[in-house]
Amino acid sequence: KAGVTQTPRYLIKTRGQQVTLSCSPISGHRSVSWYQQTPGQGLQFLFEYFSETQRNKGNFPGRFSGRQFSNSRSEMNVSTLELGDSALYLCASSLGQDYGELFFGEGSRLTVL
Amino acid sequence: KQEVTQIPAALSVPEGENLVLNCSFTDSAIYNLQWFRQDPGKGLTSLLLIQSSQREQTSGRLNASLDKSSGRSTLYIAASQPGDSATYLCAVSSGSARQLTFGSGTQLTVLP
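Predicted, not measured: the structure shown is a model, and the values here were computed from it. (Residues numbered from 1 in each chain as written. Chains lettered and ligands numbered in written order. Predicted model: local features only at pLDDT ≥ 70, side-chain atom pairs only at ≥ 80, totals over all residues. Heavy atoms only, no water.)

Trainee: Before we go on, may I ask you to explain the overall build of chain A in this structure?
Mentor: Broken down by element type, chain A carries zero helices and 11 strands. In summary, chain A has a C-alpha radius of gyration of 13 Å against a globular reference of 13 Å for 113 residues, a match within 12%. Dimensions of chain A, computed from C-alpha atoms along their principal axes, come out at roughly 40 × 25 × 25 Å. For chain A, buried positions account for 50% of its 113 residues. Look at the contacts in chain A between residues 6 or more apart in sequence, and 53% of them connect residues 24 or more apart. Summed over its atoms, the accessible surface of chain A is roughly 5,300 Å², and 48% of this surface lies on carbon and sulfur atoms. Across chain A, 11 positive and 8 negative side-chain charges occur, with their mean positions spaced 5 Å apart. (Helix = DSSP H or I, 4+ residues; strand = E, 2+ residues; numbered from the N terminus. Rg over C-alpha atoms; globule rule 2.2 N^0.38 Å. Buried < 20%, exposed > 50% of the residue type's maximum accessible area, 1.4 Å probe, protein only. Contact = heavy atoms within 4.5 Å. Areas by Shrake-Rupley, 256 points an atom, 1.4 Å probe, with all protein chains shown as cover. Lys, Arg positive; Asp, Glu negative; His and termini not counted. Charge placed at Lys NZ, Arg CZ, Asp CG, Glu CD.)

Here's what the structure looks like:
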């Protein structure tokens, strides 16, 4: 059974650009969550989607957005990139029942120059 | 607001030693607690999930306990091996939000 797949694994952008990251959950999982990991702030929750609906959102500016498709795949977008957006972006999937076990992908490492 | 603390931040032990990693949380009204392992530059690997109604979970050489009333969890690793070297993170689900609150992790080094 394939795990959570994130693409791209690495990317470099410049300030002001935008980026789109993709996440394919484990087959049968309907919930996808996104987290940002930085050395200074650790792991912070971005948002969670279930059946194409955003169920919860963390404390991030509106430049961070996401969506989920009917096949449960999810994308997150960051517009007008800032240096501080450099981070490892992790996607996690779960079956979707409340407070179930989360399974994480390898992450997308974004560097903003 | 839920806060999760992990002590120590780093730990170095010789191979074969049994060890305990600690995790504490401020709000005892949790739904579950999950322990993860993270290797450098990699994603998170789920190790154990303890539901709020459970006291412990075991998987191979790993045993995690949960004491909700005191806001504490421990991860016990038996007969440590160099391959156990990684950062160990605990995370709790609590409140109305479907999200995990993470600790800052314990960086474990097992020396051959």
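Still to come is the rest of the account.
Trainee: Please explain the environment of A:Gln54 as it appears in this structure.
Mentor: Residue and element names in this part refer to chain A. Along the polypeptide, Gln54 turns up in strand E6 (residues 53–57). Classification of Gln54 by relative accessible area gives partly exposed; the value is 34%. Gln54 sits 57 residues away from Thr111 along the chain, and the two C-alpha atoms are 26 Å apart. With near-sequence residues (within four places) excluded, Gln54 lies in contact with Phe47, Glu48 and Tyr49. Here Tyr49 takes part through its side chain, which lies 2.9 Å from a polar atom of the side chain of Gln54. (Polar contact = N/O pair within 3.5 Å; in protein donor to acceptor, adjacent residues only side chain to side chain.)

Trainee: Whenever I open this one, the interface of chain A and chain B confuses me. Can you help?
Mentor: In many reports, interface size means the accessible area that the parts give up when they come together. With 19 residues of chain A at the contact, the number on the chain B side is 21 residues. One can count zero salt bridges joining chain A with chain B. Counting across the chain A and chain B interface gives six residue pairs in polar contact (both at pLDDT 80 or more). Breaking the side of chain A that touches chain B down by element, the ones donating at least two residues are strand E4 (31–38), strand E5 (42–50), E6 and strand E9 (87–94) of chain A. The dominant element in the side of chain A that touches chain B, judged by the number of residues it contributes, is E5(A), at three residues. Here the residues of the side of chain A that touches chain B sort into eight nonpolar, four polar and seven charged. (Salt bridge = Lys/Arg side-chain N within 4 Å of Asp/Glu carboxyl O. Nonpolar A, V, L, I, M, F, W, Y, C, P; charged D, E, K, R; others polar.)

Trainee: It is not clear to me how unusual backbone geometry should be interpreted in this structure. Could you clarify?
Mentor: Here A:Thr7 and A:Pro8 are connected by a cis peptide whose omega angle stands at -10°. Here A:Pro8 lies in the loop between strand E1 (5–7) and strand E2 (10–13). Omega for the bond connecting B:Ile7 with B:Pro8 falls within 30 degrees of zero, at 0°, which places this linkage in the cis form. When you line up the elements, B:Pro8 lands in the loop between strand E1 (4–7) and strand E2 (10–14). A positive phi is found at B:Ala79, a non-glycine position, where the angle reads about 45°. Of note, B:Ala79 is situated in the loop between strand E8 (72–77) and strand E9 (86–94).

Trainee: Can you walk me through the side chain of A:Ser72 in this structure?
Mentor: Position of A:Ser72 relative to the elements: it lies in the loop between strand E7 (64–68) and strand E8 (74–78). Dropping the residues within four chain positions of it, A:Ser72 is found in contact with A:Pro25, A:His29, A:Arg30 and A:Val32.

Trainee: I would appreciate a short explanation of the packing of aromatic side chains in the present structure.
Mentor: Given two aromatic rings, their pairing is described by the distance between the two centres and the angle made by the two planes. Counted according to the given criterion, the structure contains eight aromatic pairs over all chains. Ring plane angle 55° and centroid distance 5.7 Å describe the contact between A:Tyr35 and A:Phe104, whose orientation is recorded as tilted. Of this pair, A:Tyr35 sits in strand E4 while A:Phe104 sits in strand E10 (residues 103–104); the two residues are 69 residues apart in sequence, bridging distant segments of the chain. Residue classification places A:Phe104 among the buried residues on the basis of a relative accessible area of 10%. Plain terms: the ring middles of A:Phe104 and B:Phe102 are 6.2 Å apart, the flat faces sit at 75° to each other, and that makes the pair edge-to-face. Taken together, the residues span two chains, with A:Phe104 in strand E10 and B:Phe102 in strand E10 (residues 100–102). Taking relative accessible area as the criterion, B:Phe102 reaches 9% and is therefore assigned buried. Grouping aromatic residues by their ring pairs yields a cluster made of A:Tyr35, A:Phe45, A:Phe104, B:Phe36 and B:Phe102. (Phe/Tyr/Trp six-rings, centres within 6.5 Å; stacked < 30°, edge-to-face > 60°.)

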